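# Summary of the model geometry
Spelled out, the chains give:
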Amino acid sequence: MFDTVLVANRGEIALRVMRACKELGLRTVAIYSEADRHAPHVAYADAAYLVGPASAAQSYLNIERIIEVARESGAGAVHPGYGFLAENPSFARAVTLAGLVFIGPPAEVMERMGGKVAARREAKAAGVPVVPGTLYPIGTLEELRACAHEYGYPIAIKAVAGGGGRGFRVVFEEGELRQAFESARREAELGFGNADVYVEKYLTDPRHIEIQVLADAHGNVIHLGERECSVQRRHQKLIEESPSPVMTPELRKRMGEAAVRLATQVGYVSAGTLEFIYQDGEFYFLEMNTRIQVEHTVTEMVTGVDLVKAQLRIARGERLWLTQHDIVMRGHAIECRINAEDPASNFRPSLGTLVEYSEPYGFGVRVDSGVHKGYTIPQHYDSLIAKLICWGDDRAEAIARMRRALTDYRIVGVAHTIPFHLLTMSHPVFQDGKATINFIPHHLADQLGALSQGPLSPVSAAAASSGPARIFEVEVNGRLFTVRVAEAETRAERTERRTRQASDRAAHRALHPIADGVASALQGTISAVLVSPGQEVEAGQVVFVIEAMKMENEIAAPRKGVIGEVRVQVGQAVEPGTVLATYRAAGEVAA
């Protein structure tokens, strides 16, 4: 029995786990990188330990250091959250070998189900339908080409070790194979420390539906219904809901029984999610996430089951206290992921400081966040700011409540996905429950570019230019007004303002690249250079890849021309507006 839990994660999920621990009377230990020294999860924990520099590879993925901290802090158990090391069997095994409890499935089960190709083999053995594809990783471009010829285009390349859309590429024709293969492997290595990928036939217009399971160490397994996760960008979920608009009692029974059968076959323990795609009345197993999911919240809202607390109780050896008959879904819940991304610029990551931050409240509204006013979004990690979850008696009420909560949400300082979510909640296709994974490209592509948001609101811009202020409320003829009276800036405040304005100008320049070069549109690290001096490029051709917030972002040539000088190299950090390459002037010859 343990009384202290180290949470091997950061952000909102670290806070979510810590709150569940405290409700069970458990002491909590946080880990943090140098970039997260002032993060909310660090302040909330009973104890906190530095594990390394900002780079995830040197901190949140540093198994040896995390185990060292667990021992030093007196932790008896480790909760991995999601992402980072959550589905790494080597980490789970290291925790166990250190005499600690890993709050999740055993390493052996994780190896059977956490690896995507291994999970496909298990699914076939359990009689669960799978999408046609490989049952082993592919290591060469020649193997990939053979798979494409066998299954036919389009095909999907996926990371063996991960999920969340990282290391996922769709290939529609042979000419795209090399770039997609190399890009998927790079992103998989960055996100999971494992570059292995596999291939599936890509279904063109399915829904993404997943089943939540809960299992104890005594052989008891139940499912808690489904979540629909079809609204995605870059194969990453943006909106999740439960129940699925397309679900019937018969389909839920079939999918739930398939999920329980597969989890039972492998001896699964803890909370887990089996992901399926659904098209033309048939469902196919995709993969199993051997951890708590980002979107576990919507299941909690409709079932009343605290899934994180359930993980902790199961890890302490308790028998499952629920039966399948006890699981009743009431009402409807929707989750919107509030990300630091600009929907108008292909969901490009947005870095900066939250000048203003205010969360919505009210009946049926839940916010899981890991930020606060004044928090600076780091480039090294996921772009998630918060999860906004709304519950209603039915789907229509849940949508209406979500629209109200999104309107009440205030974020100033970075671009974010709230305008996208408001657009989606108002769209008839979504309201009618007919969205598939192609919802964004088929129905919103022409509208996203018109979504507007600035890094600063008019009030904030005035504040930035005139220093601190005192706020007064004044009533005139029975009407209340808020009045702001600016005060003189100190030297330090003036320096900070000028620095922020310089950053904003750099970001503006990045959005309007110079005519004779290729400029970075974001802050990040160069992960691929796809051009060389003297090379002719076409307008729109991808010439650089920048990794930011654990995602690869393609930088395209703004016009046709011949590259003159390449000014960056792989591994180099860049800022918005950094000139990555220049064009050769007309008549100029190579040096």
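Residues numbered from 1 in each chain as written. Predicted model: local features only at pLDDT ≥ 70, side-chain atom pairs only at ≥ 80, totals over all residues. Heavy atoms only, no water.

## Here's the deal with the overall build of the protein chain
Looking only at helices and strands, one finds 17 helices and 32 strands in the protein chain. The globule rule puts the C-alpha radius of gyration for 591 residues at 25 Å, and the 25 Å found for the protein chain is close to it. Judged by the C-alpha coordinates and their principal axes, the protein chain covers about 70 × 70 × 55 Å. The contacts in the protein chain between residues at least 6 apart in sequence include a share of 64% that link residues at least 24 apart. Here the protein chain has roughly 24,300 Å² of accessible surface; of this, 51% comes from carbon and sulfur atoms. (Helix = DSSP H or I, 4+ residues; strand = E, 2+ residues; numbered from the N terminus. Rg over C-alpha atoms; globule rule 2.2 N^0.38 Å. Contact = heavy atoms within 4.5 Å. Areas by Shrake-Rupley, 256 points an atom, 1.4 Å probe, with all protein chains shown as cover.)

## So, the environment of glycine 225
Assignment of secondary structure puts glycine 225 in strand E10 (residues 221–233). Measuring from C-alpha to C-alpha, the distance between glycine 225 and isoleucine 209 comes to 10 Å, with 16 residues separating the pair along the chain. Once you skip the residues sitting within four places of it in the chain, glycine 225 turns out to touch Glu210, Ile211, Gln212 and Met329.

## Description of the sheet that holds strand E8 (residues 197–201)
With antiparallel pairing, the three strands of this open sheet are ordered in space as E7-E6-E8. The open sheet has two free edges, formed respectively by strand E7 (169–171) and E8, since each of these has just one partner strand. Taking the axes of each pair of neighbouring strands and ignoring which way they run, one obtains an average angle of 25° across the sheet. Relative to E7, strand E6 (residues 155–159) runs antiparallel, the two sharing three bridges. (Pairing = 2+ DSSP bridges. Axes fitted to C-alpha atoms, helices over the stretch in contact; angles between N-to-C directions.)

## A few points about the nonpolar core
Ranked by internal contacts, the top residues of the largest apolar core, which has 69 residues, are Leu6, Leu388 and Phe420. Among the elements that make up this core, the one with the highest residue count is helix H12 (residues 395–408) (five residues). Beyond its immediate stretch of four places on either side in the chain, phenylalanine 420 contacts Val231, Leu238, Ile239, Pro343, Phe347, Ile440, Leu444, Leu448 and Leu451. Core analysis: the next-biggest nonpolar cluster, separate from the first, contains 32 residues, Phe2, Ile13, Ala77 and Ala310 among them. (Core = buried A, V, L, I, M, F, W, Y, C linked by side-chain atoms within 4.5 Å. Buried < 20%, exposed > 50% of the residue type's maximum accessible area, 1.4 Å probe, protein only.)

## Observations concerning the sheet that holds strand E12 (residues 270–279)
Taking strand neighbours across the sheet as the criterion, the eight strands line up as E13-E12-E9-E10-E11-E14-E21-E19 in an open arrangement whose pairing is antiparallel. Bordering the open sheet on either side are strand E13 (282–289) and strand E19 (365–369), each of which pairs with just one other strand. Adjacent strand axes in the sheet meet at a mean angle of 25° when their direction is disregarded. Alignment of strand E9 (residues 207–215) against E10, held across six bridges, turns out to be antiparallel. The residue bridging alanine 215 from the neighbouring strand is valine 221, located in E10.

## Considering empty space enclosed by the protein
In total, this model carries three cavities of 30 Å³ or more according to the counting rule given. The space that makes up the largest cavity amounts to roughly 70 Å³. Around the largest cavity, the lining comprises 13 residues; the ones closest to its centre are Glu228, Val231, Glu241, Phe430 and Ala435. For the lining of the largest cavity, the secondary-structure elements that each account for two or more residues are E10 and strand E11 (236–242). (1 Å grid on protein atoms, 1.4 Å probe; cavity = no way out; pocket = protein on both sides within 12 Å on 5 of 7 lines; lining within 4 Å. Points joined across faces, edges and corners; volume = space filled by probe spheres on them.)

## What to know about the state of the cysteines
Here a disulfide denotes a covalent bond joining the sulfur atom of one cysteine to the sulfur atom of another. If you walk through the whole model with that rule in mind, you get zero disulfides. Unpaired in terms of disulfides, cysteine 229 finds its nearest cysteine sulfur in cysteine 336, a separation of 12 Å. (Disulfide = S-S within 2.5 Å.)

## Remarks on a nonpolar patch on the surface
Taken together, Phe472, Val474, Val476, Phe481, Val483 and Val485 make up a surface patch of nonpolar side chains, about 430 Å² in accessible area. For the nonpolar patch, the secondary structure elements donating two or more residues are strand E23 (469–476) and strand E24 (479–486). Following the sequence through the fold, valine 483 ends up in strand E24. (Patch = residues over 30% accessible without salt bridge, like charges linked within 9 Å, V, L, I, M, F, W, Y side chains within 5 Å. Salt bridge = Lys/Arg side-chain N within 4 Å of Asp/Glu carboxyl O.)

## Digging into the pattern of salt bridges
Should their charged atoms come close, side chains of opposite charge can pair. If you walk through the whole model with that rule in mind, you get 37 salt bridges. For arginine 337, the salt bridge identified is with glutamate 295, shortest N-O distance 2.9 Å. In this pair, arginine 337 sits in strand E14 (residues 332–339) while glutamate 295 sits in the loop between E13 and helix H10 (296–303), placing the two residues 42 residues apart along the sequence. Exposure remark for arginine 337: the relative accessible area of 13% places this residue in the buried category. When its relative accessible area of 1% is taken as the criterion, glutamate 295 is described as buried. A single network of salt bridges, built from pairs that share partners, joins Glu210, Arg227, Lys237, Glu240, Glu275, Glu295 and Arg337.

## Points about unusual backbone geometry
When glycine is set aside, most residues are seen to have a negative phi, and most peptide bonds are trans. Here the residue pair tyrosine 153 and proline 154 is connected by a cis peptide bond, since its omega of 0° sits within 30 degrees of zero. Tracing the backbone shows proline 154 in the loop between helix H7 (141–151) and E6. Omega for the peptide link from serine 242 to proline 243 comes to 0°, which places this bond in the cis form. Residue placement: proline 243 occurs in the loop between E11 and helix H9 (249–265). Phi at serine 270 takes a positive value of approximately 95°, unusual for a residue other than glycine. Of note, serine 270 is situated in strand E12. Judged by relative accessible area, serine 270 falls into the buried class, the value being 2%. At phenylalanine 347, a position not held by glycine, the phi torsion is positive, near 55°. Within the secondary structure layout, phenylalanine 347 lies in the loop between strand E15 (341–342) and strand E16 (348–349).

## Things to note about the packing of aromatic side chains
Taken as a whole and judged by the stated rule, the model has ten aromatic pairs. Relative to phenylalanine 102, the ring of phenylalanine 91 has its centre 6.1 Å away and its plane inclined at 85°; by these criteria the two rings are edge-to-face. Within this pair, whereas phenylalanine 91 is found in helix H4 (residues 89–97), its partner phenylalanine 102 is found in strand E5 (residues 101–102), the two being separated by eleven residues in sequence. By the burial criterion, phenylalanine 91 is buried, and phenylalanine 102 matches it. Measuring from centroid to centroid gives 6.5 Å for phenylalanine 172 and tyrosine 202, while their planes differ by 80°, and the two rings are edge-to-face. Taken together, the positions of phenylalanine 172 in the loop between E7 and helix H8 (177–192) and tyrosine 202 in the loop between E8 and E9 put the pair 30 residues apart, joining distant regions of the chain. Using a relative accessible area of 53% as the deciding quantity, one classes phenylalanine 172 as exposed. Among the aromatic residues, those joined into a ring-pair cluster are Tyr60, Phe84 and Tyr381. A cation over an aromatic ring shows up here: lysine 22 above the ring of tyrosine 44, its NZ or CZ 4.1 Å from the ring centre. Directly above the ring of tyrosine 583 sits arginine 559, whose terminal nitrogen or CZ lies 4.0 Å from the centroid. (Phe/Tyr/Trp six-rings, centres within 6.5 Å; stacked < 30°, edge-to-face > 60°. Lys NZ or Arg CZ within 6 Å of the ring centre and 35° of its normal.)

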